[in-house]
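One-letter residues, chain by chain:
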Amino acid sequence: MFRMPVRRMATAARQSLKIGLIPADGIGKEVIPAAKKVLEAIGSDIPKPEFVPLLAGWEVFMHSGTALPEETVQALKECDGALFGAVSSPSRRVTGYSSPIVALRKELDLYANVRPVVSVAANPGDKPDVDLVVVRENTECLYVKQEQMITTDNGREARATRLITERASRRIGKMAFEIALGRPRKQVTIIHKSNVLSVTDGLFRETIRAIPNLPEVNGRYDSVKIEEQIVDSAVYRLFREPQIYDVMVAPNLYGDILSDAAAALVGSLGLVPSVNAGDKFVMGEPVHGSAPDIEGKGIANPLAAIRSSALMLRFLGYPAGADRIDLAVDQVIREGEVLTPDLGGKSSTQDVLDAVLKKL
């Protein structure tokens, strides 16, 4: 648990909290309803939640020809926050299809994907073995999806544009510094490959290193220690000595890979939450995918989605409700009696949800 940069002021006068729910594909339809139940159970720690069911995903594309209906985007703009489940994007190229989660990040300017990776200590109050946050730039890098296929003397040749801007690098860097300020170690590690990609990663690295010296910062980040790591070395050290990391900030592709890899350190992707955050909106999203192999079997782990709802609350300015959720989840994991198969247990999604609700 840590302090998050609040995106919307929480006030006692607020009567309700309007939350968009986008289960999307696969097990998203099973874990997002579980997160909804937990938010409903929080009671007076948050305003009364009002849920808005919304559509997006591969199945929606197959029926309507669009993976992200305009109605969904417009409805989200009227919400305080949102939860997104998972999407079954095909690995092959499909004409007219584009990932709805990538599109939503751009439409709503959700430029930061924040993924805490924290192990549960054996005893309450003990320091966890793994306690880090991956702060991933969400709008640029290779994910701008500017690709082309041409034919040359070598046959077909595929090319992709990699975009890194000073503006986006500064925004994500400031987010990382703000998160570091709320953590005991106050350390930011810049992840890059500027020894090879000296222009693009060089700009990312240099821009973030310069943030503490900006006039408008006015010494705010003087207490934050800056480290840096080449991305391949960072992956190696992540598995060998994860305790050296506090807040890791990375371009889009590196951040995506690092955060999924870090999930292995705490047992399962089914435990790792995230939020997609901008300056005016936040959307929780479990790190796991749509998991078609277990869809409909009732054994999907809901804990990442539940934790993502807590992260969303932190960004919205409701830490008391978020703390209750996180403590309940930690208790369930620590006791180890009600766990889904990804964690070596035999419990169902509903069993785990019921266990969390009892701990709230």
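Residues numbered from 1 in each chain as written. Predicted model: local features only at pLDDT ≥ 70, side-chain atom pairs only at ≥ 80, totals over all residues. Heavy atoms only, no water.

Considering only enclosed or pocket space, the largest pocket measures out at about 1100 Å³ in volume. What lines the largest pocket is a set of 36 residues, among which Ser-89, Pro-90, Ser-99, Val-102 and Lys-145 lie closest to the centre. For the lining of the largest pocket, the elements supplying multiple residues, two or more each, are β3 (81–86), α4 (100–107), β6 (147–152), β7 (155–160) and α8 (252–263). Along the lines of polarity and charge, the residues of the lining of the largest pocket split into 14 nonpolar, 11 polar and 11 charged. Residues from two domains meet in the lining of the largest pocket; each of domain 1 (14–111 + 268–359) and domain 2 (131–265) gives at least three. (1 Å grid on protein atoms, 1.4 Å probe; cavity = no way out; pocket = protein on both sides within 12 Å on 5 of 7 lines; lining within 4 Å. Points joined across faces, edges and corners; volume = space filled by probe spheres on them. Helix = DSSP H or I, 4+ residues; strand = E, 2+ residues; numbered from the N terminus. Nonpolar A, V, L, I, M, F, W, Y, C, P; charged D, E, K, R; others polar. Domains from an automatic or database assignment.)

This brings us to helix α10 (residues 319–335). With 17 residues, α10 ought to run about 24 Å at 1.5 Å a step, and its terminal C-alpha atoms sit 24 Å apart, in line with that. Here α10 has its buried residues at Gly-321, Ala-322, Ile-325, Asp-326, Ala-328, Val-329, Asp-330, Val-332 and Ile-333. Looking one or two residues past α10, Gly-336 carries a phi angle of roughly 65 degrees, positive in sign. (Expected span 1.5 Å × (residues − 1). Buried < 20%, exposed > 50% of the residue type's maximum accessible area, 1.4 Å probe, protein only.)

Our focus in this paragraph is the pattern of salt bridges. Side chains that carry opposite charge are capable of pairing whenever their charged atoms lie near each other. Within the structure shown, the criterion is met by 24 salt bridges. With its nearest N and O atoms 3.9 Å apart, the salt bridge here joins Arg-115 to Asp-256. You can see Arg-115 sitting in strand β4 (residues 112–118) and its partner Asp-256 sitting in helix α8, a full 141 residues away along the chain. Each of the two residues, Arg-115 as well as Asp-256, counts as buried. Between Asp-330 and Arg-307 there is a salt bridge, with the nearest N and O atoms lying 3.1 Å from each other. Taken together, the residues Asp-330 in helix α10 and Arg-307 in helix α9 (residues 303–316) connect sequence positions 23 residues apart. Among the charged side chains, a salt-bridge network with shared partners connects Arg-115, Arg-136, Asp-256 and Asp-260. (Salt bridge = Lys/Arg side-chain N within 4 Å of Asp/Glu carboxyl O.)

Per the counting criterion, the structure on display carries 4 aromatic pairs. Between Trp-58 and Phe-61, the ring centres sit 5.5 Å apart and the planes meet at 25 degrees, which makes this aromatic pair stacked. Of the two residues, Trp-58 and Phe-61 both sit in helix α2 (residues 58–64), 3 residues apart, roughly one turn of that helix. The exposure class of Trp-58 is buried, given its relative accessible area of 16%. Given the relative accessible area of 9%, Phe-61 is considered buried. Ring geometry for Phe-177 versus Tyr-221: centroids 5.0 Å apart, planes at 20 degrees, classification stacked. Taken together, the residues Phe-177 in helix α5 (residues 166–181) and Tyr-221 in the loop between α6 (200–210) and β9 (225–230) connect sequence positions 44 residues apart. Grouping residues by exposure puts Phe-177 and Tyr-221 together as buried. (Phe/Tyr/Trp six-rings, centres within 6.5 Å; stacked < 30°, edge-to-face > 60°.)

What follows concerns the domain arrangement of the protein chain. For an interface, size is often stated in terms of accessible area lost upon the parts coming together. Here the domain parsing of the protein chain yields domain 1 (14–111 + 268–359) and domain 2 (131–265). For domain 1 and domain 2, the distance between their C-alpha centroids amounts to 25 Å. Across the contact, 15 residues belong to domain 1 and 13 residues belong to domain 2. With both chains or domains summed, domain 1 and domain 2 bury close to 1200 Å², and 52% of this area falls on carbon and sulfur atoms. Contact with domain 2 buries area across many residues of domain 1, yet Arg-105, Lys-106 and Tyr-111 alone supply 49% of it, more than any other trio. On inspection of domain 1 and its partner domain 2, the count reaches 1 salt bridge. Seen at the junction of domain 1 and domain 2, the total is 7 residue pairs in polar contact (both at pLDDT 80 or more). At the level of secondary structure, the elements contributing two or more residues to the side of domain 1 that touches domain 2 comprise α4 and β11 (275–277). When grouped by side-chain class, the residues that make up the side of domain 1 that touches domain 2 number 8 nonpolar, 4 polar and 3 charged. (Contact = heavy atoms within 4.5 Å. Buried area = accessible area lost by both parts, 1.4 Å probe. Polar contact = N/O pair within 3.5 Å; in protein donor to acceptor, adjacent residues only side chain to side chain.)

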